[in-house]
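Fold and contact review
Listed below are the residues making up each chain.
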Amino acid sequence: MEGNLNLKQLRRNVLKSNNILILLLVIFMMLYFNDHSKLQAVEQEAVPEVVIDHKKRLELRRARLQSVCSEYGLNTRVEHGSVFRRKNLVNRCTGSFFHVEGKDHFICNVLKGGSTSWQVFFGENNITRIFLEACEDNHNCPTSSTAGLKLVQVRHPLERLLATYRHIFKNGGWKALDLNYQGNPKLEQEYVNFFSKDWPYFVEEIVLKDEYHKTEEDLEELGRGGVWIKHHWAPYWYTCGLCSSGLAPDIVIKTETLPWDMPTVLERLKLPASTSFPDIRVTGTDDNFSEGNKASEVFVEKYFSQLSKQQVMRLYELYKLDHLMFDYSPQKYIDVAR
């Protein structure tokens, strides 16, 4: 009898324990679903959908450029003469007019800033183009009566510098850019030695210390040995006359936002929205494709980690005006430097 009572008591205790466990489980599930719902609500509230007005962004770029130009327009700025009073405010072999729908538009193509893509774009769409050098020499540049848009395309100045090194130095692009060495074995060997320099040497000696020195008069003679190559790392403000009233761009296109910028450009040019814009990457004859056919932005850490933070800051100072004009920051390049 006593054994039966103990068994019944044990069953009651087990049943009571099960009931308590079930109750605790129900409470836990209720708390979990309540907290999960709150967490979802917080996440949705904390990360709202970002809607970018791409046309407004283009307007803000133009306004920023105008503001920086106004600041540097003061005679008290040491950069004033270089920005506003050079003989040729735009590179005559990169600036060109192109004719679309009865209008003569102008684009200043920055070397290593998408210039080859534009060349292919004009060819694919049968758009007539004439470089500034040709029309000025022949006195047949378009008149203001047919003037259309003025465009410029840029990319981060330090990424462009890396693209220049990879193309001209690492991959032997110099061989197709300066033909003065042909038929001159001595000069060819000098070029081979010079253009075999590594990235840290290129930055420190060639860019920062200007070992590849050319005078301002030299830089106006694009056929002179080495001049065309050096224009590949010339600042944007030096290449495009960005602060000149007749050359200041209506639209600033950025390589980083090209897919979102081009629809507005096509619309303003009155070209079909379906018109495609090519992505062309130029390399040199010595490229062994050890880095693949990848954009230079992929290799920022690989190359800039070879530089000191002081070197990157000096590069920023050299290209400071380009950074200011187009709202670029050097921070990520400084961060990866040693």
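Residues numbered from 1 in each chain as written. Predicted model: local features only at pLDDT ≥ 70, side-chain atom pairs only at ≥ 80, totals over all residues. Heavy atoms only, no water.

1. So, the packing of helix α9 (residues 199-208) against helix α15 (residues 309-318)
Selection criterion: Here, axes are lines fitted to C-alpha atoms. For helices the fit covers the stretch in contact, and angles between N-to-C directions go from 0 to 180 degrees. Going along the chain from the N terminus, every DSSP run of H or I of four or more residues is numbered as a helix, and every run of E of two or more is numbered as a strand. Each crossing is labelled by how the near helix is turned from the far one, with a counterclockwise turn of less than a right angle marking it left-handed and a clockwise turn marking it right-handed. Throughout, a contact is declared for two residues whenever any of their heavy atoms are within 4.5 Å. Charged residues are taken to be Asp, Glu, Lys and Arg, nonpolar residues to be Ala, Val, Leu, Ile, Met, Phe, Trp, Tyr, Cys and Pro, and polar residues to be all remaining types, Gly included.
In contact at an axis separation of 11 Å, α9 and α15 are set at 35° when each is read in the N-to-C sense. Between α9 and α15 lies a crossing of left-handed hand. Of α15, the residues touching α9 (which contributes Val 203, Glu 204, Val 207 and Leu 208) are Gln 311, Arg 314, Leu 315 and Leu 318. In terms of residue class, the contact of α9 with α15 is built from five nonpolar, one polar and two charged.

2. Regarding the pattern of salt bridges
To keep it simple, the criterion reads: For this document, the term salt bridge refers to a Lys or Arg side-chain nitrogen within 4 Å of an Asp or Glu carboxyl oxygen.
With the rule as written, the count across this model stands at 16 salt bridges. The salt bridge partner of Glu 267 is Lys 55, with a shortest N-O separation of 3.2 Å. Here the residue Glu 267 occupies a position in helix α13 (residues 258-269), and Lys 55 occupies one in helix α2 (residues 54-72), the gap between them amounting to 212 residues. Ionic pairing is found between Lys 150 and Asp 250, a salt bridge with its closest N-O pair at 3.9 Å. Residue Lys 150 is found in strand β4 (residues 147-154), and its partner Asp 250 is found in the loop between α12 (236-240) and β5 (251-254); the two are separated by 100 residues along the sequence. Where salt bridges share partners, they join Arg 92, Glu 133, Glu 136 and Asp 137 into one cluster.

3. Describing the environment of Arg 129
Note the following rule: Only protein chains enter the accessibility calculation, which uses a 1.4 Å probe; a residue whose area is less than 20% of its type maximum is buried, one above 50% is exposed, and one in between is partly exposed. In protein, a polar contact means a hydrogen-donor-capable atom and an acceptor-capable atom, both N or O and within 3.5 Å, with residues adjacent in sequence counting only if both atoms are side-chain atoms; elsewhere, any N or O pair within 3.5 Å suffices.
Looking at the secondary structure, you find Arg 129 in strand β3 (residues 128-131). Note on Arg 129: relative accessible area 22%, which makes it partly exposed. Separated by 29 residues in sequence, Arg 129 and Val 100 place their C-alpha atoms 9.7 Å apart. In this structure Arg 129 touches Thr 94, Ser 96, Phe 97, Phe 98, Asn 109, Gln 119 and Phe 122, once residues within four positions along its chain are discounted. Within the local environment of Arg 129, its side chain forms a polar contact with the side chain of Asn 109, the two groups lying 2.7 Å apart.

4. Quick word on the packing of aromatic side chains
Applicable threshold: In this analysis, rings of Phe, Tyr and Trp, with Trp reduced to its six-membered ring, are considered paired at centre separations within 6.5 Å, and the interplanar angle assigns stacked below 30 degrees, edge-to-face beyond 60, and tilted for intermediate values. The criterion is that NZ of a Lys, or CZ of an Arg, lies within 6 Å of the ring centre and within 35 degrees of the ring normal, and then a charge sits over that ring.
Evaluation of the coordinates by the stated rule reveals 28 aromatic pairs. Plain terms: the ring middles of Tyr 191 and Phe 195 are 5.6 Å apart, the flat faces sit at 90° to each other, and that makes the pair edge-to-face. Residue classification places Phe 195 among the buried residues on the basis of a relative accessible area of 2%. Summarising the aromatic geometry, the rings of Trp 199 and Phe 304 are spaced 5.3 Å apart at their centres and angled 70° between planes, so their arrangement reads as edge-to-face. In this pair, Trp 199 is assigned in helix α9 and Phe 304 in helix α14 (residues 300-304), connecting sequence segments 105 residues apart. Here Trp 199 and Phe 304 have matching classes, each one buried. Here the basic side chain of Lys 197 rests over the ring of Tyr 201, its NZ or CZ set 4.8 Å away from the ring centre.

5. Topic: the nonpolar core
To keep things clear, this is the line we draw: We define the nonpolar core as a collection of buried residues of types Ala, Val, Leu, Ile, Met, Phe, Trp, Tyr and Cys that are connected through side-chain atoms lying within 4.5 Å of one another.
Grouped together as the largest cluster of nonpolar side chains are 32 residues, with contacts concentrated most on Phe 169, Phe 195, Trp 199, Phe 202, Trp 233, Phe 304 and Leu 315. Put simply, the parts of the chain that give this core at least two residues each are α6 (157-170), α8 (185-194), α9, α14, α15 and α17 (331-336). Beyond its immediate stretch of four places on either side in the chain, Trp 233 contacts Arg 160, Leu 161, Thr 164, Phe 169, Phe 202, Ile 206, Val 207, Tyr 212 and Tyr 319.

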